[in-house]
Amino acid sequence: MRRLGDTHVEIRRARPSAKADEIGSACQMHADELPSLLGGDISPLLLNIALHGLEEAAGVRYRTGVHAGDVRDGCPALTRYADDLVVCCHSRQQAEQVKARLAGWLEPRGLAFNEAKTRIVPLSEGFDFLGFNLRRYPNGKLLIKPGVMALKRFRNRLAKEFRALRGANVAAVLAKIVPITRGWAAYYRTVVSSRVFRALDNYLWKLTYKWACWSHWGKPKGWIVGRYFRKFEKFRNDRRVFGDKDTGACLPRLAWTDIVRHTLVKGGASPDDPALAVYWAQRRQKVTPPLDSYTVRLLSRQDGRCSLCGENLLTPDQPPQSPQGWEHWFLQVTRKAIKAHYLVHHDTPSVARSNRTHLVHATCHRSKHPPRQAGNTVLQQTI
């Protein structure tokens, strides 16, 4: 987002009015069916159909020629995701005019603003959008950080999960909590999140210590700390990491997540445009997956391909667009899709490339190393 004078920001959410019985001219439905559809999986598609042309109605105009894709001077800038949208204006008067124009544009389509979630604020006060907080600080910098409400929801979920895990062993705790924390960190790693990550690490330490004390209520605190907290990562000088000393598995700290800035998309490039398939493929290859540094080095060394079948190890689709999506990504991809094929555990530069540790598909690993049958089984395969 670039500076637009004394910018005011208008936030609003479109919602169906009481008389709504249609969305545009593409689909017809009754008013009592519309709210349920707006909460379903097809909701983004319906809203994209209904709100097509919203930018033109708001007065957004783009340059052509060399500066194609840039907003013309004096025009507002609109950003929309489904029914959530933000309009950046040069003054409060312009923001009120844009709101009035859009209200008139939405009315024939059976839509109206949700006034409870619509407000006009100066950028110096900041606003929340899609779980992020955007604010211009007194030093003139515009910073994007995790939103306060998103942070509160995440803390509440962690507390709820640890309460539900009382009585479980440390392996079950790690299996449940690690995808949640890594998914949340992966979603917010593109913005100013370092301070928030450190604060969440302290909160997680309190939750894990409280869980350990509840699990071993009769043990002294020194015994509990020695059993669950230690230096699990040999390359990190952090001795307060929660984990399982028997297996070596641990709960990665959110502060270990590298901050990687988001690369802007060129102009109006759409991932659905077949002519831009090469552009999107190259863009996805340049994105560093939010995995540990050792796995990233293996992926880079293998050019992201399985050493057994030669296909891509990670799915080439668009990255997830929510913390829950990243959580699902960690569960499906890092646990089921890829697997470390340990040819040599401690590889050195002198070892041949073909004899080092590789990442392979889990299915390829199972096909190469099928499970051995028990020798004393009663039923044997007949020939």
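Note that the structure is predicted; figures quoted are calculated from it, not measured.

Peer 1: Help me out: how do you make sense of the overall build of the protein chain in this one?
Peer 2: A count of helical and extended segments in the protein chain gives twelve helices and 14 strands. When the 383 residues of the protein chain are sorted by exposure, 37% land in the buried category. Pairs at least 24 residues apart make up 56% of the contacts formed inside the protein chain by residues separated by at least 6 positions. Accessible area for the protein chain stands at about 23,500 Å²; split by element, carbon and sulfur atoms hold 53% of it.

Peer 1: What is the right way to read the sheet that holds strand β8 (residues 127-129) from this model?
Peer 2: By definition, the strands of a sheet pair up through backbone hydrogen bonds, in either a parallel or an antiparallel sense. In spatial order, the strands read β8-β9-β10; together these three strands make up an open sheet with antiparallel pairing. Looking at strand neighbours, the two that pair on one side only are β8 and β10 (142-146), the edges of this open sheet. Pairwise comparison of adjacent strand axes, ignoring direction, gives a mean angle of 30° for this sheet. Two elements, β8 and strand β9 (residues 132-136), share three bridges in a ladder whose sense is antiparallel. Pairing of D128 across the sheet is with N133, part of β9.

Peer 1: I'm lost on the nonpolar core in this one. Help?
Peer 2: Nonpolar side chains tend to gather and get buried jointly when the protein is soluble and globular. In this structure, L158, W184, Y188, W211, Y228 and F242 are the most contacted members of the largest nonpolar core, which totals 53 residues. The greatest single-element share of this core, amounting to ten residues, is contributed by helix α6 (residues 170-187). Setting aside chain neighbours within four positions, we find W184 in contact with P146, A150, L151, F154, V196, F197, L200, L254 and P323.

Peer 1: Please clarify how the packing of aromatic side chains should be interpreted in this entry.
Peer 2: In this description, an aromatic ring pair is defined by two values, namely the gap between the centres and the angle between the planes. Inspection of the entire model under this criterion finds 14 aromatic pairs. Here F154 and W184 contribute two aromatic rings whose centre-to-centre distance is 4.6 Å and whose plane-to-plane angle is 15°, an arrangement assigned as stacked. Taken together, the positions of F154 in helix α5 (residues 148-164) and W184 in helix α6 put the pair 30 residues apart, joining distant regions of the chain. When its relative accessible area of 5% is taken as the criterion, F154 is described as buried. Seen from their ring centres, W184 and Y188 are 4.4 Å apart, and the 40° between their planes marks the pair as tilted. Each member of the pair, W184 as well as Y188, carries the same accessibility label: buried. An aromatic cluster is defined as three or more aromatic residues linked by ring pairs; in this entry it consists of F132, F154, W184, Y187, Y188 and F197.

Peer 1: Could you clarify how one ought to interpret the pattern of salt bridges in this entry?
Peer 2: One side chain can pair with another of opposite charge once the charged atoms of both are near each other. As enumerated under the stated definition, the model contains seven salt bridges in all. Two residues, R253 and D201, come together in a salt bridge whose shortest N-O distance is 3.9 Å. Of this pair, R253 sits in the loop between β12 (241-242) and α9 (277-286) while D201 sits in helix α7 (residues 194-215), and the two are 52 residues apart along the sequence. For R253, a relative accessible area of 15% translates into the label buried. Residue class for D201 comes out buried when judged on its relative accessible area of 4%. Residues R253 and D238 are paired through a salt bridge, measuring 2.9 Å at the closest nitrogen-oxygen approach.

Peer 1: Help me understand a positive patch on the surface in this model?
Peer 2: Among the surface-exposed residues, K160, R163, R166 and K210 lie close enough to one another that they form a single positively charged patch. Note that R166 resides in the loop between α5 and α6.

Peer 1: Explain the environment of T288 here, please?
Peer 2: Structurally, T288 can be placed in the loop between α9 and α10 (293-301). The class of T288 is partly exposed, set by a relative accessible area of 36%. Leaving out residues up to four positions away in the same chain, T288 has contacts with R189 and V296.

Peer 1: Even after reading the chapter, I still don't get the packing of α7 against helix α8 (residues 221-228), so can you show me in this structure?
Peer 2: Angle between the axes and distance between the axes are the two parameters that describe a pair of packed helices. One way to put it is that α7 packs onto α8 with a least axis distance of 10 Å and a crossing angle of 115°. Considering how the two elements wind past one another, α7 and α8 form a crossing that is right-handed. Of the residues in α8, those touching α7 at Y209, W211, A212 and C213 are K221, I224, V225 and Y228. Among the residues forming the contact of α7 with α8, the class breakdown is seven nonpolar, no polar and one charged.

Peer 1: Whenever I open this one, α9 confuses me. Can you help?
Peer 2: At 3.6 residues per turn, the α-helix brings residues three or four places apart onto the same side. Buried residues of α9: Y279, W280 and R283, and no others. Projected onto a plane normal to the axis of α9, the buried residues spread over an arc of 90° and lie on a single side. Turned more than 90 degrees from where α9 packs its buried face, V278 and Q285 sit exposed.

About the thresholds
Residues numbered from 1 in each chain as written. Predicted model: local features only at pLDDT ≥ 70, side-chain atom pairs only at ≥ 80, totals over all residues. Heavy atoms only, no water. Helix = DSSP H or I, 4+ residues; strand = E, 2+ residues; numbered from the N terminus. Buried < 20%, exposed > 50% of the residue type's maximum accessible area, 1.4 Å probe, protein only. Contact = heavy atoms within 4.5 Å. Areas by Shrake-Rupley, 256 points an atom, 1.4 Å probe, with all protein chains shown as cover. Pairing = 2+ DSSP bridges. Axes fitted to C-alpha atoms, helices over the stretch in contact; angles between N-to-C directions. Core = buried A, V, L, I, M, F, W, Y, C linked by side-chain atoms within 4.5 Å. Phe/Tyr/Trp six-rings, centres within 6.5 Å; stacked < 30°, edge-to-face > 60°. Salt bridge = Lys/Arg side-chain N within 4 Å of Asp/Glu carboxyl O. Patch = residues over 30% accessible without salt bridge, like charges linked within 9 Å, V, L, I, M, F, W, Y side chains within 5 Å. Lys, Arg positive; Asp, Glu negative; His and termini not counted. Charge placed at Lys NZ, Arg CZ, Asp CG, Glu CD. Left-handed = near helix turned anticlockwise from the far one by under 90°. Nonpolar A, V, L, I, M, F, W, Y, C, P; charged D, E, K, R; others polar. Arc of directions from axis to C-beta.

In short, geometric facts, not functional conclusions.
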